[in-house]
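Summary of the model geometry
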Amino acid sequence: MTTDIAIIGAGPAGIFTAIELIRLGCRKKIVLVEQGRPMAERRCPKEQTKKCVGCKPFCHITSGFSGAGAFSDGKLSLSCEVGGDLPDLIGADRAQELIDYTDTIYLDFGADEHVEGRGNDEEIKEIRRRAIQAGLKLVDCPIRHLGTERAQELYGNIQQYLAASGVELLFGTRCQDLIIENGVCLGAVLADVQTGKTTELRAGETVVAAGRGGAEWLENQCAIHDIHHKPGTVDIGVRVECRTEIMERVNEVLYESKLIGYPKPFKNKVRTFCQNPGGFVSQENYDNGLSVVNGHSYKSLKSENTNVAILCSHNFSEPFNQPIAYAQRVGELTNMLGAGHILVQRFGDILDGKRTWAKELAASNVRPTLPDAVAGDITFAMPYRTMTNIINFMKAMDFVVPGFAGEETLLYSPELKFYSNKVRMTPDLRTSVQGLFCLGDASGWTRGLMMASSMGVLMARGLASES
Ligand SMILES: Cc1cc2nc3c(=O)[nH]c(=O)nc-3n(C[C@H](O)[C@H](O)[C@H](O)COP(=O)(O)OP(=O)(O)OC[C@H]3O[C@@H](n4cnc5c(N)ncnc54)[C@H](O)[C@@H]3O)c2cc1C
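This structure is a prediction, so every number in the text was calculated from the model and none was measured. Throughout this document, residue positions are counted from 1 along each chain, in the order its sequence is written. Local features in a predicted model are, by the rule used here, given only for residues with pLDDT of at least 70; side-chain atom pairs are given and counted only at 80 or more, and totals for whole chains, interfaces and linings are based on all residues.

1. Comments concerning the overall build of the protein chain
Cut-off, in case you're wondering: Only runs of H or I of at least four residues qualify as helices and only runs of E of at least two qualify as strands under DSSP, and these elements are numbered from the N terminus. Note on method: radius of gyration uses C-alpha positions; expected globular size equals 2.2 Å times residues raised to 0.38. With C-beta atoms placed from the backbone, a residue is buried if 20 or more other C-beta atoms are within 10 Å of its own, exposed if 12 or fewer are, and partly exposed between those counts. We call two residues in contact if the C-beta atoms placed from their backbones are at most 7 Å apart.
Each helix and strand counted, the protein chain has 13 helices and 21 strands in total. Computed over the C-alpha atoms, the radius of gyration of the protein chain is 21 Å, within 12% of the 23 Å expected from 2.2 N^0.38 for a compact globule of 467 residues. Across its three principal axes, the protein chain shows a C-alpha extent of roughly 60 × 45 × 45 Å. Within the protein chain, the proportion of its 467 residues that are buried is 53%. Counting contacts in the protein chain only where the partners sit at least 6 residues apart, residues at least 24 apart contribute 77% of the total.

Here it is as structure tokens:
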């Protein structure tokens, strides 16, 4: 098989590359390779089983058309301060211009016109004042919320548009290897997920957009083919859940409160991430068997709780420089303690140095929205440094949101964000290998829907200008 442009991974980064190429009138042949299924066939068995069955060879929540975006909460962060490090690569103004433009594409495909977190200036001022007093920084970030159900509809529209525009969509096809000879990428070796049968796809330009799930695979490819990269950051934390009554004010005023702090004594960066008013805590399974916690919310179906992640950023240099492996070990240990399930513990029990029991959870005001989470003791697996950061950050948050660090507040673990090693690249996304480009979460430069999508748009502009 031959093509002009091969895109590996049909997540937001890959599909926005294809969309923008079409919008720019590019006539090159585009093949989009995706290991998962088309939008309409994506199903998480948990809908029936009510329990995660650990799908193999990949998780249907994170794989398939639109990648991890399909079942995500669909919160589009409209500020370049959130969602990754693209501004460091191309400059903040350019990154913001790309986000504003990409947002119009989302609107064209049916995103809600409403933007959360704009207006309410006086209330925001008051929240900011309390944040400053608590030693935290409040980041302004308007959010366009698709909602999980609307996100699936929107990405379904995009899939139809790409197919109708002549993009060849290869589902159930895994990129096994990149074909790199003498420092030039010539395409990829593809394998049928069902049969394992391999074929070569020869391409003028190969774009790897394999997402967070493909990070380990890309890391191997970097090692095999000498694609220049550097160790990234890893975020280790917890998913916090409390009654919505506690979070009501910040939910209404900001929708998503993006707070950053550097609590003593370690002064590592700690931040809130992905807040879901009336949302649900969810489990996500990686292909390597790791189960991690996440959260999402629907536009219409609401729980009694609000959940938000608290993440601590960790970097390593030497002699150890493998942040992904480090976080994986933390996750594996936590999974082991939970017998393969997500662990949940009440904040008060952590401070008291005791585990949480299922009967205590059942008697609490806060009922877990992830029913198969197991009550236990997350401190057996959480590194001391990370746990201390989380406790001190939560105490500071309690000043901004009274009751947040309450006895019954639930902490689910492991919440891990792997950002892949950062692939070294130029502002036009060229890697050290000619003809090979990397983008989205797999490249280590993004960590959110909007920034991954925007990086796709940037990629397309570069590829189109070469025609
Ligand atoms: C549950 C959940 C909720 C989230 N909620 C939000 C949110 O509300 N807001 C937000 O901004 N971000 C959210 N995110 C993060 C967001 O989904 C990602 O940042 C975004 O999807 C990254 O886009 P991407 O295209 O880089 O990668 P992905 O979306 O991960 O897509 C990569 C695709 O590549 C495919 N792939 C991987 N390896 C191969 C291979 N070797 N061969 C072929 N195909 C391959 C995968 O199957 C996948 O479909 C959420 C993530 C999850 C998991």
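From this point, the narrative continues.
2. Section: the domain arrangement of the protein chain
This is how it is decided: What fixes the domain bounds is an automatic or database domain assignment.
Domain annotation for the protein chain reports domain 1 (2–111 + 147–230 + 421–465) and domain 2 (121–142 + 233–418). Each of domain 1 and domain 2 was reduced to a C-alpha centroid, and the two centroids are 28 Å apart. Residue-level contacts link 25 residues of domain 1 with 23 residues of domain 2. Looking at the side of domain 1 that touches domain 2, the elements that each hand over two or more residues are strand E3 (75–77), helix H6 (148–164) and helix H7 (215–225). In terms of residues, the side of domain 1 that touches domain 2 owes the most to one element, H6, which gives three residues.

3. Structural notes on the sheet that holds strand E13 (residues 270–277)
We apply this condition: We call two strands paired when DSSP finds no fewer than two bridges between them. Here, axes are lines fitted to C-alpha atoms. For helices the fit covers the stretch in contact, and angles between N-to-C directions go from 0 to 180 degrees.
Pairing within the open sheet is mixed, and its eight strands lie in the order E4-E12-E13-E16-E11-E19-E17-E18. Of all strands in the sheet, those with a lone pairing partner are strand E4 (136–139) and strand E18 (374–375), marking the two edges. Of the strand pairs in this sheet, strand E17 (residues 343–346) and strand E19 (residues 410–418) are connected by four bridges, and their pairing is antiparallel. By the bridge assignment for E19, Leu343 is matched with Ser413. Along the sheet face, helix H9 (residues 323–337) touches strand E11 (234–243), strand E16 (305–314), E17 and E19 and points at about 150° away from the line of E19.

4. With respect to the nonpolar core
Applied cut-off: Connectivity within a nonpolar core runs through C-beta atoms within 7 Å, and the core itself is a set of buried Ala, Val, Leu, Ile, Met, Phe, Trp, Tyr and Cys residues.
Counting 134 residues, the largest nonpolar core has Ala6, Ile7, Ile8, Val207 and Tyr412 as the members making the most contacts within it. Counting residues per element, this core draws most heavily on helix H13 (residues 449–465), which supplies 10 residues. What Ile7 contacts, discounting residues up to four positions off in sequence, is Gly14, Thr17, Ala18, Ile30, Leu32, Val33, Val207 and Ala209.

5. Thoughts on the site of the ligand
Here is the rule: For each residue, a C-beta atom is placed from the backbone, and the residue counts as near a molecule or strand when that atom lies within 6 Å of it. Charged means Asp, Glu, Lys or Arg here, nonpolar means Ala, Val, Leu, Ile, Met, Phe, Trp, Tyr, Cys or Pro, and polar covers whatever is left, Gly included.
Not every one of the 46 residues close to the ligand is listed here, only the nearest: Gly9, Gly11, Gly67, Gly211 and Gly440. Those elements that provide at least two residues to the shell around the ligand are helix H1 (12–23), E3, strand E7 (173–181), strand E14 (280–285), strand E15 (291–296) and H13. Among the residues making up the shell around the ligand, the classes are represented as 16 nonpolar, 22 polar and eight charged. Counting residues domain by domain, the shell around the ligand receives three or more from each of domain 1 (2–111 + 147–230 + 421–465) and domain 2 (121–142 + 233–418).

6. Structural notes on H13
The α-helix winds at 3.6 residues per turn, so residues separated by three or four positions along the chain end up facing the same way. The criterion, for reference: To estimate how far a helix should reach, multiply one less than its number of residues by 1.5 Å.
The terminal C-alpha atoms of H13 lie 25 Å apart, and with 17 residues this matches the ideal 24 Å at 1.5 Å per residue to within 8%. H13 sits mainly inside the fold: 13 of its 17 residues count as buried.

7. Points about the environment of Leu24
With respect to the element layout, Leu24 can be found in the loop between H1 and strand E2 (30–33). Sequence spacing of Leu24 and Glu360 is 336 residues, and the spatial spacing of their C-alpha atoms is 58 Å.

8. Thoughts on the pairing of E14
Burial of E14 is extensive: six of the six residues sit out of reach of the surface. Pairing of E14 with E15, which is carried by six bridges, proceeds in the antiparallel orientation. Bridge pairing in E15 links Gln283 to Val293.

9. A word on helix H12 (residues 384–400)
For clarity, the cut-off: Directions pointing from the helix axis toward each C-beta atom define the arc.
End to end, H12 covers 25 Å across 17 residues, agreeing with the expected 24 Å (1.5 Å per residue, within 8%). Among all positions of H12, only Thr386, Met387, Asn389, Ile390, Phe393, Met394, Met397 and Val400 are buried. The buried side chains of H12 occupy one side of the element, clustering within an arc of 155° when seen end-on.

10. Considering the pairing of strand E12 (residues 258–261)
Regular strands place side chains that alternate from one sheet face to the opposite one. Bridge count for E4 against E12 is four bridges, and the pairing is antiparallel. Bridge pairing in E12 places Leu138 opposite Leu259. Both E12 and E13 contribute to a ladder of two bridges, which runs antiparallel. Within the sheet, the bridge partner assigned to Gly261 lies in E13 and is Val270.

11. Structural notes on unusual backbone geometry
With an omega dihedral of 10°, the bond running from Glu318 to Pro319 counts as a cis peptide bond. Positionally, Pro319 belongs in the loop between E16 and H9. Backbone geometry at Leu429 places phi at a positive 70°, although glycine is not the residue there. Along the chain, Leu429 turns up in the loop between strand E20 (422–423) and strand E21 (436–438). Assessed through the 23 C-beta atoms surrounding it within 10 Å, Leu429 is described here as buried.

12. Some remarks on the environment of Thr102
Position of Thr102 relative to the elements: it lies in helix H4 (residues 92–108). Take Thr102: there are 26 C-beta atoms within 10 Å of it, and that puts it in the buried class. Residues Thr102 and Gly295, 193 residues apart in the sequence, show an inter-C-alpha distance of 24 Å.

13. As for the packing of H1 against H13
The condition is simple: Orientation labels follow simple angle bins: below 35 degrees gives roughly parallel, above 145 gives roughly antiparallel, 65 to 115 gives roughly perpendicular, and whatever is left gives oblique. By convention the crossing between two helices is left-handed if the near helix lies anticlockwise of the far one by an angle smaller than a right angle, and right-handed if it lies clockwise.
Remark: H1 packs on H13, axes separated minimally by 7 Å, with the N-to-C direction vectors making an angle of 40°. Relative to H13, H1 is oriented oblique. Crossing hand, H1 versus H13: right-handed. The segment H1 lies against H13, with Pro12, Ala13, Gly14, Ile15, Phe16, Thr17, Glu20 and Leu21 engaging Leu449, Ala452, Ser453, Met455, Gly456, Val457, Met459, Ala460, Arg461, Leu463 and Ala464. Residues that form the contact of H1 with H13 fall into these classes: 13 nonpolar, four polar and two charged.

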